[in-house]
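For reference, the chains in residue letters:
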Amino acid sequence: MKRQKNSGDVQTKFELFLSRISDYFYNISVKLHSKKKNKGEKTVSMASNRKKQLVFYFSLVALPIIHYLIFYVGVNINSILLAFKEYVGVNGVVYRPVGFANFERFFQEFFHGQMLKQMLVNSLTFYFVGLIVGLPLALFFSFYIYKKYFLSEFFRVVLFFPSIISSVVTAFMYLFMVDVGLVEIMAKFGVEMLPPLGEPEMRMPAVLFYNVMMSFGTNIIMYSSAMTRIPVSVVEYAAIDGVKPFKEFVSITIPLIFDTMSTFLIVGVTGIFTNQAHLYALFAKSAGIEVQTFGYYTFLLTNLGVTEIEFPYAATLGIIFTLILVPLTMFVRWLLAKINPDVQY
Amino acid sequence: MRRKKFKIQSKNYLFMGIVLAVLIAYTIFMFSILFFTVATSLKFNPDYLIDPIGFSPLYFQNYKNAFSAFYQIVKNGKQVVYLGDMLLYSLIYALSCALGHMIVTSVMSYLVAKYKVWLNKFIYTTVIIAMVLPVVGALPSQIQMAKAFGLYNTLFGPCVMQSSYLGMYFLVFYATFKGLSDEYIEAATIDGAGQFTVMLKIVFPLVKTSMFAVFVLLFIGYWNDYSTPLIYMFDYPTAAVGLFNFVYNPSQAGTATIPLRMAGCMILFLPIFLLFIFFKDIFMGNLTVGGLKG
C-alpha cells in the first residue's frame, strides 16, 4: 500500500515537474511571440509621429531657406554695401568705399539734369496707363469670358496668345508692323507718315499702346478664374432681379474678386521702378530718352559695360527706389484694405 | 411690342456690345501682326525690298537659311553656336528652371499649408514681404553673388538661382493645398503611409492639374525669357537670346535680312505655338490667387 502510495507520489511529482517545464517553455514561447508581434506591427505613438513630421518638414525646408538667405537676404545686404562703394578694378583692388558719393551723384543728376526727371515721368506714365486703361480692359474682357458671351472661348485664346510668344518676337513683329507695314499701307492710300517708333514725338504713344496690348494674358486667366469662383446662386438671384450686365459687373463681380484685384494692384505698385516696358526688346540699348524708364535705365547700367563700373550706381538707384516704394506700397495696401468690401463667400 | 422688347435687350447688352467691339478690334490687330510676320518670312529679299507689303511668290528657303545664318560667336570667338544648339540650350534652360521653381514652390507651400510648425509664419511672411516690399536694383548684387558661387555663365547656374519658393505661384499652390481636405492625409497616415509617401502619392496627384499648369506657364516664361540668359549664361545663348542678337545686332549674327529675321521669329515661335495648341486647356486652366493677408 505504502509502495503504491509512494509510486503515486513519484508520478504526481513527475507530472508536476513536466508541467512546470512545459509552462516554462510556454512562457518563453509567449514572450518570443509577443516580441515578434511588437516587431511586426509598429506601435504608433503620437510623440513619435510628430517627431517624424518635424524631421520630414525641416529636412525639406532647410535648402529653400538657405537659398532664400543667400539669394534674397544676402543679395540685398550686398546690394546695400555696394551702394557705398566705387569700382576701381586696378592693382587687385576691385572696389573701395566712397561713402555717400553715389547718392550725391543721383541727386545731382536728378535735380540738375533732365534725364532722370524724364525717366520718373515715363515710369509713372507707364504705371498709370496700365492702371487706367489696361486694368479696366482686362476686367471687362475677363467678365466677357466669364459670362461665356459670343465667341468668349476664342477671345480667351487670342488674349492669352501674346503671353506665349517671346517679347523679342512680339516686339519685332510690332516694330515691323507699325514702322513698315502701317507706313506702307498708308502710302498706298496716299497718306505720308513717318514710322511711329522711329519718330520721337510718336514713340511714347506707340510704346504705350504696345504695352497695353501685350498685358492681358495672365491677368485675364487670373481674373476670369477668380470670377468663376463667385457662387452661382448670387448670380442667379441677380438675374431674377433683372440686374443688367454692367450693374452685375460693378456691384457683384468687382466686390467679389477684390482680393485678387488688390493683389495685382499691390504687385503693380512694386513694379513702378523696375518696369522696363519692353523697351529692351523694342529698341535694345538705343531707346530714346522720351520713353526710357528707371527699370530700363538700371538694366542698361548693369548690362551695358563689360566691367562692373556702374554696378554701385545701379545698386544706389535700387536703394533709393526701394525707400520710396516701401511706404508707397504700404499705403496702397492700407488703402485697398480700407476700401475692400471683404465679402465672404 | 417686339420693338420695345428688342430696345430693352439692346440697352441691357450695350455694355457687352462695346466690349465685343473692342475684342474684335484687338483680334484683328493681333492677326494682322501675325499675318505680316508670316508673309514677310516667306518673301525673297529682293522682292521684299521692291515692295515690303505686296504679294510675291512664297520663298520657304528663308526657314532653311535661318538655321545657317542664325548663329552667334561665343567663348571669346572660339565657338560658333547655331540655331539648333540654341534651341537645345533653350530647352535645357526652360526645363531646368521651370522644374526647379515649380518643385521648390509646391513642396514649400504644401509644408506651410499642411504642417503646423512655428516656422510656417516666417516662410509665409518672407513670401509676402518679397511681393509687397519691393527691393529694386538687386541685379548687380545678384551677378556678384552668382560669380561668387560659380553659377555665372554656366548652363545650370540660372536653374539654381531660380529654384526659389518666393513669388506668386507660392500663393497659388498655398490656396490649392489649403482647400484640400485633411481627411486624405489622415486616412493615408492611419494606413501606415510615411510623410514622403503621403506627399508624393496622395497629395500631389490630387493637385497635379495645378502643378502642370504652373509648370507649363513657367516653361513658356523661361523659354521666351531673353534677359536672364543674356546676363547669366552668355556663352550658352538660348534661341531667344540668339534671336535678340539676330534682330538687333546683325553684325554679330550673320547676314540678317528682314525676311530672314522674320523667319527666325517664326522658328522661335512655332514650338511654343504647337505646345499651346496641344495643351491649350492646361495653359489657360483655372489658377486662383487670393489676397495678400498676413
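Please read all numbers here as calculations on a predicted model, not as lab measurements.

**A closer look at the overall build of chain B**
Summing up its helical and strand segments, chain B has 16 helices and two strands in all. The burial tally for chain B puts 55% of its 294 residues in the buried class. Counting only contacts in chain B whose residues sit at least 6 apart along the sequence, the fraction spanning at least 24 positions is 71%. For chain B, the accessible area works out to roughly 13600 Å², and carbon and sulfur atoms hold 66% of it.

**Let's talk about helix α7 (residues 200–213) of chain A**
Along its 14 residues, α7(A) runs 20 Å from first to last C-alpha, staying within 8% of the 20 Å computed at 1.5 Å per residue. Taken residue by residue, α7(A) has A:Arg203, A:Met204, A:Ala206, A:Val207, A:Leu208, A:Tyr210, A:Asn211, A:Val212 and A:Met213 as its buried positions. Of the surrounding secondary structure, the elements contacted by the buried residues of α7(A) are α4 (115–146), α5 (152–164), α6 (167–188) and α12 (279–283) of chain A together with α2 (14–41) of chain B.

**Thoughts on unusual backbone geometry**
Residues and elements named next belong to chain A. The phi dihedral of Ala277 is positive, around 55°, even though this residue is not glycine. Structurally, Ala277 is set in the loop between α11 (258–270) and α12. At Ala284, a residue that is not glycine, the phi angle is positive and equals roughly 55°. Residue placement: Ala284 occurs in the loop between α12 and α13 (294–303).

**What to know about the nonpolar core**
Membership of the largest hydrophobic core comes to 209 residues, with the highest contact counts inside it found for A:Leu139, A:Tyr174, B:Tyr110, B:Ile123, B:Tyr165, B:Phe170 and B:Leu243. If you tally residues by element for this core, the top one is helix α5 (residues 83–114) of chain B, at 16 residues. Sequence-distant contacts of A:Leu139, that is, excluding residues within four places in its chain, are made with A:Tyr223, A:Met227, A:Phe249, A:Ile254, A:Ile257 and A:Met261.

**Describing the side chain of A:Asn122**
Along the polypeptide, A:Asn122 turns up in helix α4. Residues within four places of A:Asn122 in sequence aside, it is in contact with A:Met204, A:Ile289, A:Glu290, A:Val291, A:Gln292 and A:Thr293.

**Structural notes on the interface of chain B and chain A**
Each side of the interface is counted separately: chain B has 106 residues, and chain A has 105 residues. Approximately 9300 Å² of surface area, both sides summed, lies buried where chain B meets chain A, with 77% of it carried by carbon and sulfur atoms. Counting across the interface, chain B meets chain A through two salt bridges. A salt bridge links B:Lys147 to A:Glu308, with the nearest nitrogen and oxygen atoms 2.7 Å apart. Linking chain B with chain A are 16 residue pairs in polar contact (both at pLDDT 80 or more), by the criterion used here.

**Remarks on the pattern of salt bridges**
One pass over the structure, following the stated rule, counts nine salt bridges over all chains. Residues A:Arg156 and A:Glu153 are paired through a salt bridge, measuring 3.4 Å at the closest nitrogen-oxygen approach. Placement of both A:Arg156 and A:Glu153 in helix α5 is noted, with a separation of three residues, approximately one turn of the helix. A residue is classified by how much of its surface remains accessible, and A:Arg156, at 12% relative accessible area, is buried. A residue is classified by how much of its surface remains accessible, and A:Glu153, at 39% relative accessible area, is partly exposed. Here B:Lys114 ties to B:Asp182 by a salt bridge, and the two come within 2.8 Å at their closest N and O atoms.

**A closer look at the pairing of strand β2 (residues 93–97) of chain A**
Taken residue by residue, a regular strand's side chains alternate between the two faces of the sheet. All names here are of chain A. Alignment of strand β1 (residues 85–90) against β2, held across four bridges, turns out to be antiparallel. Bridging from a neighbouring strand, Tyr87 pairs with Tyr95 of β2. Where β1 folds back onto β2 in an antiparallel hairpin, the turn is made up of two residues, including Asn91, whose phi is positive at roughly 50°.

**Examining the side chain of B:Ser164**
Here B:Ser164 lies in the loop between α8 (157–162) and α9 (168–178). Overall, B:Ser164 belongs to the buried group, its relative accessible area being 14%. A polar atom in the side chain of B:Ser164 sits 3.0 Å from the backbone nitrogen of B:Leu166. Once residues within four sequence positions are removed from consideration, B:Ser164 is found in contact with A:His67, B:His101, B:Val104 and B:Thr105.

**Details of the packing of aromatic side chains**
Inspection of the entire model under this criterion finds 70 aromatic pairs over all chains. Judged by centre distance (6.3 Å) and plane angle (85°), the rings of A:Tyr68 and B:Phe122 are edge-to-face. Here B:Phe122 lies in helix α6 (residues 119–132) and A:Tyr68 lies in helix α2 (residues 46–82), a pairing that spans two chains. Of the residues examined, A:Tyr68 reaches a relative accessible area of 10% and is grouped as buried. For B:Phe122, a relative accessible area of 37% gives the class partly exposed. Judged by centre distance (6.0 Å) and plane angle (50°), the rings of A:Phe143 and A:Tyr146 are tilted.

What counts as what
- Residues numbered from 1 in each chain as written.
- Chains lettered and ligands numbered in written order.
- Predicted model: local features only at pLDDT ≥ 70, side-chain atom pairs only at ≥ 80, totals over all residues.
- Heavy atoms only, no water.
- Helix = DSSP H or I, 4+ residues; strand = E, 2+ residues; numbered from the N terminus.
- Buried < 20%, exposed > 50% of the residue type's maximum accessible area, 1.4 Å probe, protein only.
- Contact = heavy atoms within 4.5 Å.
- Areas by Shrake-Rupley, 256 points an atom, 1.4 Å probe, with all protein chains shown as cover.
- Expected span 1.5 Å × (residues − 1).
- Core = buried A, V, L, I, M, F, W, Y, C linked by side-chain atoms within 4.5 Å.
- Buried area = accessible area lost by both parts, 1.4 Å probe.
- Salt bridge = Lys/Arg side-chain N within 4 Å of Asp/Glu carboxyl O.
- Polar contact = N/O pair within 3.5 Å; in protein donor to acceptor, adjacent residues only side chain to side chain.
- Pairing = 2+ DSSP bridges.
- Phe/Tyr/Trp six-rings, centres within 6.5 Å; stacked < 30°, edge-to-face > 60°.

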